[in-house]
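Summary of structural features
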Amino acid sequence: MSIPSEPARPEGTAVGGRREELRQRNSVAQLGGPARYRSRLPDQHKLPVRERLRLLFDPATPFLEDGLLANTASPDEMGADGVVTGVGTVHGRRVCVAANDPTVKAGSWGPRTVEKILRVQEQAERLQVPLCYLVDSAGARITEQRQMFPGRRHAGRIFHNQVRLSGQVPQPCALFGPSAAGGAYIPAFCDVTFMVEGNASMYLGSPRMAEEVVGEHVSLEEMGGARMHCTVSGCGDLLCPDEVAAIESLRRYLSFFPSSWRGEPPAAATRPPLSHADIGALLPAESTKGYDIHLVLEALLDGGSFFEIKALYARELVCGLGRLGGRAVGVVASQPEHQGGVLFVDSSDKAARFISLCDAFNLPLVFLADVPGFMIGSAVEREGIIRHGAKMIAALSSATVPRICVVLRKAYGAGLYAMSGPAFEPEATLALPTAEIAVMGPEAAINAVYAKRIAALPEAERPEFVAKLRAAYVEDVDIFQLASDLVLDAVVDPQDLRDQLIWRLAASAGKSRWAPERHHGVFPV
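Predicted model, so just to flag it, every value in this text is computed and none were measured.

What to know about the packing of helix 18 (residues 442-456) against helix 19 (residues 462-476)
- Close contact between helix 18 and helix 19 brings their axes to 10 Å; oriented N to C, the two are set at 140 degrees. As the angle between them shows, helix 18 and helix 19 are arranged oblique. As for the relative orientation of helix 18 and helix 19, their crossing is right-handed in sense. Facing helix 18, whose interface residues are P442, E443, A445, I446, Y450, R453, I454 and A455, helix 19 presents R462, F465, V466, L469, R470, Y473 and V474.
- Residue classes in the contact of helix 18 with helix 19 are distributed as eleven nonpolar, no polar and four charged.

Section: helix 11 (residues 243-254)
- Taking 1.5 Å of rise per residue, the twelve residues of helix 11 would be expected to cover 16 Å, and the 17 Å separating its terminal C-alpha atoms lies within 8% of that figure.
- Of all twelve residues that make up helix 11, nine are buried, and the element is covered over most of its length.
- Residues of helix 11 that are buried include every one of E243, A245, A246, I247, S249, L250, R251, Y253 and L254, and no others.
- The N-terminus of helix 11 is capped by D242, whose side-chain oxygen sits 3.2 Å from the backbone nitrogen of V244.

Considerations on the pattern of salt bridges
- Scanning the entire structure with this criterion turns up 26 salt bridges.
- In this structure, R498 and D302 form a salt bridge, with 3.0 Å as the shortest nitrogen-oxygen distance. Taken together, the residues R498 in helix 21 (residues 497-508) and D302 in the loop between helix 13 (293-300) and strand 9 (307-309) connect sequence positions 196 residues apart.
- Residue classification places D302 among the buried residues on the basis of a relative accessible area of 3%.
- Two residues, D370 and R409, come together in a salt bridge whose shortest N-O distance is 2.9 Å. Taken together, the positions of D370 in strand 12 (residues 365-371) and R409 in strand 13 (residues 403-412) put the pair 39 residues apart, joining distant regions of the chain.
- Judged by relative accessible area, which is 0%, D370 ranks as buried.

A few points about the pairing of strand 11 (residues 327-334)
- Burial analysis of strand 11 places seven of its eight residues in the buried class, the great majority of the element.
- Taken together, the eight bridges between strand 10 (residues 317-324) and strand 11 define a ladder with antiparallel strand orientation. Residue pairing across strands places V318 opposite A333, the latter belonging to strand 11.
- Turn length for the strand 10-strand 11 hairpin, with the two strands adjacent in sequence and antiparallel, is two residues, and the turn residue G325 shows positive phi of about 60 degrees.
- Across four bridges, strand 11 lies against strand 12 in parallel orientation. Each bridged residue has a counterpart across the sheet, and for V332 the counterpart in strand 12 is F367.

Notes on helix 13
- Regarding helix 13, the residues found buried are I293, V296, L297, A299 and L300. Taken around the axis of helix 13, the buried residues stretch over an arc of 165 degrees, which confines them to a single face.

Regarding a nonpolar patch on the surface
- On the surface, a cluster of nonpolar side chains totalling about 360 Å² of accessible area is made up of V163, Y185, F189 and L204.
- Along the chain, the position of Y185 falls in helix 7 (residues 185-189).

Examining unusual backbone geometry
- Within the chain, K105 stands out as a residue other than glycine whose phi angle is a positive 50 degrees.
- With respect to the helices and strands, K105 occurs in the loop between strand 3 (93-100) and helix 4 (111-127).

Here we look at the packing of aromatic side chains
- Per the counting criterion, the structure on display carries 13 aromatic pairs.
- Ring centres of Y417 and F424 lie 5.8 Å apart, and the angle between their planes is 50 degrees; this geometry places the pair in the tilted category.
- Three or more aromatic residues joined by ring pairs form one cluster here, namely F194, Y253, F256, F257, F307 and F361.

Description of a negative patch on the surface
- On the surface, D278, D493, D496 and D499 cluster together to form a negatively charged patch.
- On the secondary structure map, D493 appears in the loop between strand 16 (490-491) and helix 21.

Details of the environment of D237
- Considering the arrangement of structural elements, one finds D237 in the loop between helix 10 (226-233) and strand 8 (238-240).
- A relative accessible area of 6% means that D237 is categorised as buried.
- Separated by 76 residues in the primary sequence, D237 and Y313 place their C-alpha atoms 8.3 Å from one another.

Quick notes on the nonpolar core
- Counting residues in hydrophobic clusters, the biggest one holds 70 residues, and the most contacted among them are L56, L134, Y253, L321, V332 and F354.
- The biggest single contributor to this core is helix 14 (residues 345-360), with seven residues.
- Excluding anything up to four places from it in sequence, V332 contacts L317, V318, C319, F354, I355, L365, V366, F367, L368 and M419.
- Of all hydrophobic cores here, the second largest spans 30 residues; its members include L118, V120, A124 and I186.

Some thoughts on the environment of I279
- Residue position: I279 is located in helix 12 (residues 279-282).
- Its relative accessible area of 4% is what places I279 among the buried residues.
- Apart from residues no more than four positions distant in its own chain, I279 is found in contact with V296, A299, L300, L432, P494 and L497.

Conventions we followed
- Residues numbered from 1 in each chain as written.
- Predicted model: local features only at pLDDT ≥ 70, side-chain atom pairs only at ≥ 80, totals over all residues.
- Heavy atoms only, no water.
- Axes fitted to C-alpha atoms, helices over the stretch in contact; angles between N-to-C directions.
- Helix = DSSP H or I, 4+ residues; strand = E, 2+ residues; numbered from the N terminus.
- Parallel < 35°, antiparallel > 145°, perpendicular 65-115°, else oblique.
- Left-handed = near helix turned anticlockwise from the far one by under 90°.
- Contact = heavy atoms within 4.5 Å.
- Nonpolar A, V, L, I, M, F, W, Y, C, P; charged D, E, K, R; others polar.
- Expected span 1.5 Å × (residues − 1).
- Buried < 20%, exposed > 50% of the residue type's maximum accessible area, 1.4 Å probe, protein only.
- Polar contact = N/O pair within 3.5 Å; in protein donor to acceptor, adjacent residues only side chain to side chain.
- Salt bridge = Lys/Arg side-chain N within 4 Å of Asp/Glu carboxyl O.
- Pairing = 2+ DSSP bridges.
- Arc of directions from axis to C-beta.
- Patch = residues over 30% accessible without salt bridge, like charges linked within 9 Å, V, L, I, M, F, W, Y side chains within 5 Å.
- Areas by Shrake-Rupley, 256 points an atom, 1.4 Å probe, with all protein chains shown as cover.
- Phe/Tyr/Trp six-rings, centres within 6.5 Å; stacked < 30°, edge-to-face > 60°.
- Lys, Arg positive; Asp, Glu negative; His and termini not counted.
- Charge placed at Lys NZ, Arg CZ, Asp CG, Glu CD.
- Core = buried A, V, L, I, M, F, W, Y, C linked by side-chain atoms within 4.5 Å.

See below:
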């Protein structure tokens, strides 16, 4: 038996009144915080939270927001309780988002704020889609700490969920303002953090707290500003001039990644490289002379595709995303222009994290080696160069995505290992005809073995003796001899290198990825 539908009620009845109330409540909540705080945003060089989201999402696509009416019972203007959460569309694919509203109590966290963030994290895991964090938060509301700090579904659970999501779905962060105290761990647990210069900051203790507790007088910028974190601490991955640039960078970053670890990175149309320079001509003949590796990347990668990560940090090594023949790849490249391309503590950490990122989301890795090895000396030994170098090699050894090693000019010592040399199961080890692979360079080797004999010779005889030793050493490690011994898979003409990489990456697509059965390794940290 069918049940008759209820007749429509005319406007002015209870339903009409509730509709109007709903419209008013939604409208007020979407405004955010009090007008006096909203009016300050232009002077602070900040965008309203919903304008940030408009720039993030594809034009004319819906945003499915949850929790808009959170905390509407509060007498204060608490629009969405200071965080906008939901599902939108970026590059035609679903993404979840958690975006702080700095006009609502400086974007601080109350119990409903925390619950909304937890729910969108759980939604991202269920949907297996990226979760974008747009952070601008003063941290916990001390006045409500009992309701949001210590419990099972309180603030600590946010970080637990981030770690759980890590490697399942991409988690990029755009940091527009402060990320204070415990809240600083949100960007720390994200895959990457893009920071707006002059506004973004991360710190566990404010300058005022540092002065009170440890007697240190320091500015906010020195303590945890964007430039400091992007150049010194390494917590920041990209320094952006403004919020628009940060959001554009976040969109571009996502274009290289699948929605989850189960998918393949999105392909794009092939574009010719920016430069048609002969790569061989870009490399100085003297192995110790510097040059800018970006010139090589411009001649190798699809034009305009390179997206560098941590460009201002540990600059002796370049890490970034790019495309070869439309295929998304991760690039780890020596930078001879800075510190001669020698690997230090920070560059080892930088590489280890980037390798893990690419391996988590199925991006093949291309290593471009022009590396003298790891730095030596008492200073770096005290900093733990052995431990940090082992961390890079552990990440490399654990990676199961296709990898190709290219020796551009030299790969000495453990530098060959760190750049995915033959012992680390790359799909191929390639070298240019003028490349050198050895335990150390000729001069260092001759000095290590023959220093006393050279010193014992009359000074006039030393140059000829050293020249003979050098010639013998170079012949022993000749690149064609290494190819003959099958140390190398191919010696490649520099003009053919781009095509070789494109073909080899295509050939390795669909590689079976196997890892030994265990809980996890115990690696250096």
